[in-house]
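Spelled out, the chains give:
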Amino acid sequence: MGKKSQSGSLLDDLRSEMASIRHGGKRWYEKISPEHLDELAAIRSAWQAGELGTRKKTLARTISVRLRERGISDVGVSGVIAWLDEV
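Residues numbered from 1 in each chain as written. Predicted model: local features only at pLDDT ≥ 70, side-chain atom pairs only at ≥ 80, totals over all residues. Heavy atoms only, no water.

Is there a simple way to think about the overall build of the protein chain in this case?
Per the secondary structure count, the protein chain includes 4 helices and 0 strands. Helices (α) and strands (β) of the protein chain occur, in sequence order from the N terminus, as α-α-α-α. Put simply, the protein chain has 87 residues, and 21% of those count as buried. Per element, the accessible surface of the protein chain, about 6600 Å² overall, is 53% carbon and sulfur. (Helix = DSSP H or I, 4+ residues; strand = E, 2+ residues; numbered from the N terminus. Buried < 20%, exposed > 50% of the residue type's maximum accessible area, 1.4 Å probe, protein only. Areas by Shrake-Rupley, 256 points an atom, 1.4 Å probe, with all protein chains shown as cover.)

Right, here's the structure in full:
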């Protein structure tokens, strides 16, 4: 087997390739309407301010159920928890 000529290091090649790839599809909150995003932002703010008096997992489970009721079916509890932790 012959050697391939290298234009750069393997690490440089990987960095370049990974920068152009988006791993996975859109996040669930990137797919929903601005109106739903506004509602969710208000809910997150209220939760962070302690106004809802509930644990993160309980809130995430409730948000997931309510979004499914509104026809947004690909939102799981872990996805909502990750979203709550982003800010």
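Got a minute to help me understand the confidence of the model for the protein chain in this structure?
Looking at the protein chain as a whole, its pLDDT mean stands at 85, while 89% of the residues score no less than 70. When pLDDT is averaged over each helix and strand of the protein chain, the minimum, 84, is found for helix α1 (residues 10-19) and the maximum, 94, for helix α3 (residues 56-69). (pLDDT = per-residue confidence, 0-100.)

I tried to follow the packing of α3 against helix α4 (residues 77-85) on my own but got confused; where do I start?
When two helices pack together, their arrangement is captured by the angle between the axes and the distance separating the axes. It is at 8 Å that the axes of α3 and α4 come closest, and there the two elements cross at 120 degrees. The angle between α3 and α4 falls in the class oblique. Crossing geometry of α3 relative to α4 is assigned as right-handed. Note on element contacts: α4 touches α3 through Val77, Val80, Ile81, Trp83, Leu84 and Asp85, opposite Lys56, Lys57, Leu59, Ala60, Arg61, Ile63 and Ser64. Of the residues in the contact of α3 with α4, the class split is 8 nonpolar, 1 polar and 4 charged. (Axes fitted to C-alpha atoms, helices over the stretch in contact; angles between N-to-C directions. Parallel < 35°, antiparallel > 145°, perpendicular 65-115°, else oblique. Left-handed = near helix turned anticlockwise from the far one by under 90°. Contact = heavy atoms within 4.5 Å. Nonpolar A, V, L, I, M, F, W, Y, C, P; charged D, E, K, R; others polar.)

Help me understand the pattern of salt bridges in this model?
Oppositely charged side chains can pair when the atoms bearing their charge come close. One pass over the full model with this rule turns up 6 salt bridges. The salt bridge involving glutamate 39 is made with arginine 70; its shortest N-O contact spans 2.7 Å. One end of the pair, glutamate 39, is in helix α2 (residues 34-48); the other, arginine 70, is in the loop between α3 and α4, and 31 residues separate them in sequence. Here glutamate 69 and arginine 66 are joined by a salt bridge, their closest N and O atoms 3.4 Å apart. Here arginine 66 and glutamate 69 lie together in helix α3, a separation of 3 residues that amounts to about one turn. (Salt bridge = Lys/Arg side-chain N within 4 Å of Asp/Glu carboxyl O.)

How do you make sense of the packing of aromatic side chains when you look at a structure like this?
Two descriptors summarise a pair of aromatic rings, namely the distance from one centre to the other and the angle between the planes of the rings. Counted under the stated rule, the structure contains 2 aromatic pairs. Geometrically, the ring pair formed by tryptophan 28 and tryptophan 83 is edge-to-face, given 5.8 Å between the ring centres and 65 degrees between the ring planes. Here tryptophan 83 lies in helix α4 and tryptophan 28 lies in the loop between α1 and α2, a separation of 55 residues in the sequence. Judged on exposure class, the residue tryptophan 28 and its partner tryptophan 83 are both buried. Put simply, the rings of Trp28, Tyr29 and Trp83 pair up and form one aromatic cluster. One Lys or Arg, arginine 44, reaches over the ring of tryptophan 83 and ends 4.0 Å from the middle of that ring. (Phe/Tyr/Trp six-rings, centres within 6.5 Å; stacked < 30°, edge-to-face > 60°. Lys NZ or Arg CZ within 6 Å of the ring centre and 35° of its normal.)

How do you make sense of α3 when you look at a structure like this?
For an α-helix, the turn length of 3.6 residues means that residues three or four places apart are oriented alike. If you check α3, its first and last C-alpha atoms are 20 Å apart, about what 14 residues at 1.5 Å a residue would give, namely 20 Å. All of the buried residues along α3 are Leu59, Ala60, Ile63, Ser64 and Leu67. Buried positions in α3, seen along its axis, are confined to an arc of 135 degrees and lie on one side of it. Looking at the buried residues of α3, the elements they touch are α2 and α4. (Expected span 1.5 Å × (residues − 1). Arc of directions from axis to C-beta.)

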